[in-house]
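# Observations on the three-dimensional arrangement
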Amino acid sequence: MLHSLSLSALLISTQVLASPYSRPNSDPLPLLIWHGLGDNYAADGLAEVASLAEEVNPGTYTYIIRLDEDVSSDRTATFLGNVTEQIASVCAAIHADPILSSAPGVNALGFSQGGQFLRGLVERCGGENGIKVRNLVTFGSQHNGIAKYQLCKPTDWLCKGYIGLLKANTWGAWVQGHLVPAQYFKATDEETGEPTEEYLLNSNFMADINNERALKNVTYAQNLAQLDNFVMYVFENDTTVVPKETGWFAYTNLTSGDVVELRDREIYKEDWIGLKKLDKKGGLHFKTTKGEHMTLGEKVLKDVFSEWFVPPTESWKKVVEDVVQEIIEL
């Protein structure tokens, strides 16, 4: 009977298998959230984000990353700390969590600096025996570094104090080992667009995580390329992150305003961190959203949860392929 199957019958068979009604549902993957500068893991806004994740994908286990259980200390750690050590600490905490460590994978959502820190987590803590991040979404993150330090709110004395220290000695060993925003500050030659020698020599985090030094860490590229999707949102009217195009790994000349897009840069062409490989398989996405830095509405977040963080389903395509192969072999 199988020998005499017509092409039309075969197509009908595959269409039935491909029907969305035949795909078994499964639980949503756990969700990691890393907040931005000046925020803390217990903030009301983050609780609302977790609630939206649950509303869109019921049963979502959300883990809001914290660097200290004390709320005030967690906020301080967004300004003061060694980013390399912080990422290692988060990696250990995730491995120790019984749900996160046993899940077949996790999704990740990064707000502002939390976005590049999550990317650092993927690059440094991913791989075969590491944390398996499936989809990474970042909002207003500084993937190519910043050229200016952000403005502080008038009454945010903690922020003002640290920014003052940053401006005084960005490339000093103490600043690079202790003040968080300095570790993703990037100095470039405006004529060539190339990073300066002092940045390459002294950057504690950004120069390493972007593989900009002569000696490349090949595991960074391997781990990032294993993502299913890397989605980068830039805020259209962002004046806090300078330049805003850093959220797409672009280089912006602040004098001329000229922008060199990611695909025209060496980091992509030579695939220093796996972005080209990820792009070739359709996993790299550039998005914009309206408003100033971190002016996020409910609709945008719901769209993210419904498009990028939907529960995984059994691969019906694989089922179809197996059936077709069996027919051919018979």
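Starting from 1, residues in each chain are numbered consecutively following that chain's sequence as written. Selection of residues for local features in this predicted model requires a pLDDT of at least 70, selection of side-chain atom pairs for listing and counting requires 80 or more, and totals for whole chains, interfaces and linings are taken over all residues. In computing side-chain properties, one takes all heavy atoms of the structure into account and sets aside hydrogens as well as water.

For the protein chain, an unreviewed UniProt entry supplies the name Palmitoyl-protein thioesterase 1 and the organism Didymella exigua CBS 183.55. UniProt positions are given in the numbering used here, feature names are shortened, and annotations may be inferred rather than shown by experiment. Quoted verbatim from the Sequence similarities (unreviewed entry) field of UniProt, the annotation for the protein chain is "Belongs to the palmitoyl-protein thioesterase family."

To continue, consider the packing of helix α4 (residues 83-96) against helix α6 (residues 113-125). What counts as an axis is a line fitted to C-alpha atoms, over the stretch in contact for a helix, and the angles between N-to-C directions run from 0 to 180 degrees. A run of H or I in DSSP becomes a helix once it reaches four residues, and a run of E becomes a strand once it reaches two; helices and strands are each numbered from the N terminus. Two elements in contact, α4 and α6, have axes separated by 10 Å at closest approach and are oriented at 70 degrees. By the angle between their directions, the pair α4 and α6 is classed as roughly perpendicular. For the pair α4 and α6, the sense of crossing is right-handed. On α6, the residues touching V83, T84, I87, V90, C91, I94 and H95 of α4 are F117, G120, L121, R124 and C125. For the contact of α4 with α6, the class distribution of residues is 8 nonpolar, 3 polar and 1 charged. Just so you know how the angles are binned, under 35 degrees is roughly parallel, over 145 roughly antiparallel, 65 to 115 roughly perpendicular, and the rest oblique. Definitions for this section: a left-handed crossing has its near helix turned counterclockwise from the far helix by less than a right angle. A right-handed crossing has that turn clockwise. Contact between two residues is taken to exist if any of their heavy atoms lie within 4.5 Å; hydrogens are not considered. Only Asp, Glu, Lys and Arg are considered charged, only Ala, Val, Leu, Ile, Met, Phe, Trp, Tyr, Cys and Pro nonpolar, and every remaining residue, Gly among them, polar.

Turning to the packing of α6 against helix α11 (residues 218-225), a few remarks are in order. Packed helices, taken two at a time, are described by their axes: the angle between them and the distance between them. Following both chains from N to C, one finds α6 and α11 inclined at 115 degrees, their axes separated by 7 Å at the closest point. When the interaxial angle is binned, α6 and α11 end up roughly perpendicular. As α6 runs across α11, the sense of the crossing is right-handed. Contacts from R119, V122, E123 and R124 in α6 reach T219, Y220, N223 and L224 in α11.

Right, let's get into the pattern of salt bridges. We define a salt bridge as a side-chain nitrogen of Lys or Arg found within 4 Å of a carboxyl oxygen belonging to Asp or Glu. Counted according to the given criterion, the structure contains 8 salt bridges. Ionic pairing is found between E212 and K186, a salt bridge with its closest N-O pair at 2.6 Å. Here E212, found in the loop between α10 (206-209) and α11, pairs with K186, found in the loop between α8 (173-178) and α9 (197-202); they are 26 residues apart in sequence, far enough to count as distant. Exposure class is identical for E212 and K186. Each is buried. A salt bridge links D303 to K299; the nearest nitrogen and oxygen atoms lie 2.9 Å apart. With D303 and K299 both in helix α14 (residues 298-307) and 4 residues apart, the pair spans about one turn of that helix. Partly exposed residues are those whose accessible area sits between 20% and 50% of the maximum for their type, while under 20% is buried and over 50% is exposed, using a 1.4 Å probe and protein chains only.

Two cysteine sulfurs form a disulfide in these notes if their separation is within 2.5 Å. In total, this model carries 1 disulfide according to the counting rule given. Each sulfur of the disulfide joining C91 and C125 lies 1.7 Å from the other. A torsion of 50 degrees about the S-S bond marks the disulfide between C91 and C125 as right-handed. Taken as a pair, C91 in helix α4 and C125 in helix α6 lie far apart in primary sequence, 34 residues in all. Neither residue differs from the other here; C91 and C125 are each classed as buried.

Here we come to the side chain of N144. Looking at the secondary structure, you find N144 in the loop between β4 (133-139) and α7 (157-168). On the basis of relative accessibility, which here comes to 6%, the residue N144 falls in the buried class. A 3.5 Å cut-off defines polar contacts: any pair of N or O atoms within that distance qualifies, except that in protein one atom must be a possible hydrogen donor and the other a possible acceptor, and neighbouring residues in sequence count only when both atoms are side-chain atoms. One polar contact links the side chain of N144 to the main-chain carbonyl oxygen of A250, over a distance of 3.2 Å. Those residues in contact with N144 that sit more than four places away from it in its chain are K186, M206, N210, T246, F249, A250, Y251 and R265.

With that settled, the discussion passes to the side chain of Q113. Locating Q113 in the fold gives a position in helix α6. What Q113 contacts, discounting residues up to four positions off in sequence, is G36, L37, T78, Q142, V180 and Y184.

Attention shifts here to the sheet that holds strand β5 (residues 229-235). Strand order in this open sheet of 6 strands is β2-β1-β3-β4-β5-β8, and the pairing throughout is parallel. Each end of this open sheet is capped by a strand with a single partner; those strands are β2 (62-64) and β8 (284-289). Taken over all neighbouring pairs, the strand axes of this sheet differ in orientation by 15 degrees on average, direction set aside. Should DSSP find at least two bridges between two strands, the strands are regarded as paired.

Counting buried positions over the 6 residues of strand β3 (residues 106-111) gives 6, a clear majority of the element. Covered by surrounding structure in β3 are V106, A108 and G110 together with N107, L109 and F111, the residues of both alternating faces. By the bridge criterion, 4 bridges tie strand β1 (residues 31-34) to β3 in an arrangement that is parallel. The residue bridging L32 from the neighbouring strand is A108, located in β3. Relative to β4, β3 runs parallel, the two sharing 6 bridges. Paired with F111 across the bridge in β4 is F139. Read from β3 through α6 to β4, the crossover connection turns out right-handed. With its strands directed away from the observer, a crossover is right-handed exactly when the path from the first strand over the helix to the second travels clockwise.

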